[in-house]
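Below are the chains, spelled out letter by letter.
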Protein chains: 2
Amino acid sequence: MTTVITYGTFDLFHVGHVRLLKRLSELGDRLIVGISTDEFNDVKGKKSFCSYNERAEIVQSCRYVDEVFPENSWEQKVRDIEMYKADIFAIGDDWQGRFDDLNKYCKVLYLSRTENISTTQIKKKLSHLNKEKLDTIESSLHDVIEIVKAMSV
Amino acid sequence: MTTVITYGTFDLFHVGHVRLLKRLSELGDRLIVGISTDEFNDVKGKKSFCSYNERAEIVQSCRYVDEVFPENSWEQKVRDIEMYKADIFAIGDDWQGRFDDLNKYCKVLYLSRTENISTTQIKKKLSHLNKEKLDTIESSLHDVIEIVKAMSV
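Conventions used here
- Residues numbered from 1 in each chain as written.
- Chains lettered and ligands numbered in written order.
- Predicted model: local features only at pLDDT ≥ 70, side-chain atom pairs only at ≥ 80, totals over all residues.
- Heavy atoms only, no water.
- Helix = DSSP H or I, 4+ residues; strand = E, 2+ residues; numbered from the N terminus.
- Contact = heavy atoms within 4.5 Å.
- Areas by Shrake-Rupley, 256 points an atom, 1.4 Å probe, with all protein chains shown as cover.
- Lys, Arg positive; Asp, Glu negative; His and termini not counted.
- Charge placed at Lys NZ, Arg CZ, Asp CG, Glu CD.
- Buried area = accessible area lost by both parts, 1.4 Å probe.
- Salt bridge = Lys/Arg side-chain N within 4 Å of Asp/Glu carboxyl O.
- Polar contact = N/O pair within 3.5 Å; in protein donor to acceptor, adjacent residues only side chain to side chain.
- Core = buried A, V, L, I, M, F, W, Y, C linked by side-chain atoms within 4.5 Å.
- Buried < 20%, exposed > 50% of the residue type's maximum accessible area, 1.4 Å probe, protein only.
- pLDDT = per-residue confidence, 0-100.
- Least-squares fit on C-alpha atoms with pLDDT ≥ 70 in both.
- Phe/Tyr/Trp six-rings, centres within 6.5 Å; stacked < 30°, edge-to-face > 60°.
- Lys NZ or Arg CZ within 6 Å of the ring centre and 35° of its normal.
- Pairing = 2+ DSSP bridges.
- Axes fitted to C-alpha atoms, helices over the stretch in contact; angles between N-to-C directions.

A. Spotlight on the overall build of chain A. A tally of helices and strands in chain A yields six helices and five strands. Listed by position from the N terminus, the elements making up chain A come as β-α-β-α-α-β-α-β-β-α-α. Considered along the principal axes of its C-alpha atoms, chain A spans approximately 80 × 30 × 25 Å. In chain A, 64% of the contacts between residues at least 6 apart in sequence involve partners at least 24 apart. On chain A, roughly 8300 Å² of surface is accessible, and the fraction owed to carbon and sulfur atoms is 51%. Averaging the locations of the 22 positively and 25 negatively charged side chains of chain A gives two centres separated by 2 Å.

B. Structural detail: the environment of Asp80(B). Residues and elements named next belong to chain B. For aspartate 80, the location among the structural elements is in helix H4 (residues 77-83). Taking the C-alpha atoms as reference, aspartate 80 lies 11 Å from leucine 102; in sequence the two are 22 residues apart. What aspartate 80 contacts, discounting residues up to four positions off in sequence, is Ile5, Tyr7, Phe69 and Lys85.

C. View of the interface of chain A and chain B. Taken together, the 33 residues of chain A in the interface contact 35 residues of chain B. Around 3100 Å² of area is buried between chain A and chain B when both sides are counted, 72% of it from carbon and sulfur atoms. Its largest share of buried area at the contact with chain B, chain A owes to Phe49(A), Arg63(A) and Leu126(A), together 19% of the area lost on that side. Run the count over chain A and chain B and you get two salt bridges. With a shortest N-O distance of 2.8 Å, Arg19(A) and Glu57(B) are connected by a salt bridge. Viewed at the interface, chain B and chain A are joined by 10 residue pairs in polar contact (both at pLDDT 80 or more).

D. Broad picture of the nonpolar core. Of all hydrophobic cores here, the largest spans 46 residues; its most connected members are Phe13(A), Leu21(A), Phe13(B) and Leu21(B). Breaking this core down by element, the ones donating at least two residues are helix H1 (15-25), strand E2 (30-36), helix H3 (52-60) and strand E4 (88-92) of chain A together with helix H1 (15-25), strand E2 (30-36), helix H3 (52-60) and strand E4 (88-92) of chain B.

E. Looking closely at the confidence of the model for chain A. A residue-level look at chain A finds 96% of positions with pLDDT of 70 or above and a mean pLDDT of 90. This complex was scored by the predictor with a pTM of 0.83 and an ipTM of 0.81.

F. Spatial organisation of the relation of the copies chain A and chain B. At an RMSD of 1.8 Å, chain A and chain B line up after a rotation of 180° and a shift of 1.0 Å along the axis. The transformation just described matches what one would write down for a two-fold rotation axis. In this assembly, 88% of the residues forming the interface of chain A have copies in chain B that are likewise at the interface, indicating an isologous arrangement.

G. The arrangement of the packing of aromatic side chains in detail. One pass over the structure, following the stated rule, counts 15 aromatic pairs over all chains. Each ring, one from Phe13(A) and one from Phe13(B), has its centre 6.5 Å from the other, and the planes form 45°; the classification is tilted. Taken together, the residues Phe13(A) in the loop between strand E1 (3-8) and H1 and Phe13(B) in the loop between strand E1 (3-8) and H1 connect one chain to another. We classify Phe13(A) as buried; its relative accessible area is 4%. The interplanar angle of 65° and the centroid separation of 6.0 Å between the aromatic rings of Trp74(B) and Trp95(B) together place this pair among those described as edge-to-face. One end of the pair, Trp74(B), is in the loop between strand E3 (67-71) and H4; the other, Trp95(B), is in the loop between E4 and strand E5 (107-111), with 21 residues separating them in the sequence. Members of the aromatic cluster, each reached through a chain of ring pairs, are Tyr7(A), Phe40(A), Phe69(A), Trp74(A), Tyr84(A), Phe89(A), Trp95(A) and Phe99(A). A cation over an aromatic ring shows up here: Lys77(A) above the ring of Tyr7(A), its NZ or CZ 4.6 Å from the ring centre.

H. View of the sheet that holds strand E5 (residues 107-111) of chain A. Residue and element names in this part refer to chain A. Ordered in space as E3-E2-E1-E4-E5, the five strands form an open sheet in which the pairing is parallel. Since the sheet does not close on itself, it has two edges, and those belong to strand E3 (67-71) and E5, each with one partner. Here the average twist between neighbouring strands, direction ignored, is 25°. Summarising the sheet, E1 and E2 pair through six bridges and their orientation is parallel. Considered in E2, the bridge of threonine 3 is made with arginine 30. Strand contacts of H1: E1, E2, E4 and E5, with the helix running at about 140° to E2, the strand carrying the most contacts. Across the sheet, H3 lies against E2 and E3, angled at about 165° from E2, the strand it touches most.

See the structure below:
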């Protein structure tokens, strides 16, 4: 049995996550997913929209995933690989080269990500719902500049 | 075999969706999910963040779901119930009473939704990410305009 292990935050679960998990599961017979805890994301300077418990529950409900566990630190990967008897460590290629030293313990693979889909982009697009307000502010600022220019002539 | 049928948009897939699908699947042996198409959402005056294809792919990847199909109209439900030989039509209780006439064709159930989790709330919270800052800027800008106006008199 080939066991694949991966890690991630999986915030705002989207189709890019689904496709990555499907491809990861196809690399072996069993897919184990480490989900970054909220505390570990603090260390990384990241803040997820959904809590660890919510993110873990969603990833666990994905048919391509066999087991999830908390990722609490950068250092735990060797222990996890040994504990889960992982044959393959695989992760998105936004991490290319970053985990090459795990080659001592198992095969390391970097998978290409789904283009144009990421949690960051979703957050960005949704936060642009405020665009109208930003446009109003920009317009007011332009007015002020014009007034000041006229005064300074 | 007991077949359960449900419908929804399932935009920005969240833990409330997962829990609802899990409970729906536990009502029978097979869960069939009608996903509102983008065109049907237009008719309903709704606009989803993710496309039909993305939403369908995510719901299909959920381990509690056996099959997904497109929901194109309000009228197709009787045909779907007959085609899939559904024994139970079940949906969130935000639709309470709305589908009682389907009782002629199968059992109709309304399930309580997960409190405080909905796509609408996620969209609202994400679009408010910068709200505080925007409010401060808008307020400062207003002050500046007033000062400049007073100076120009």
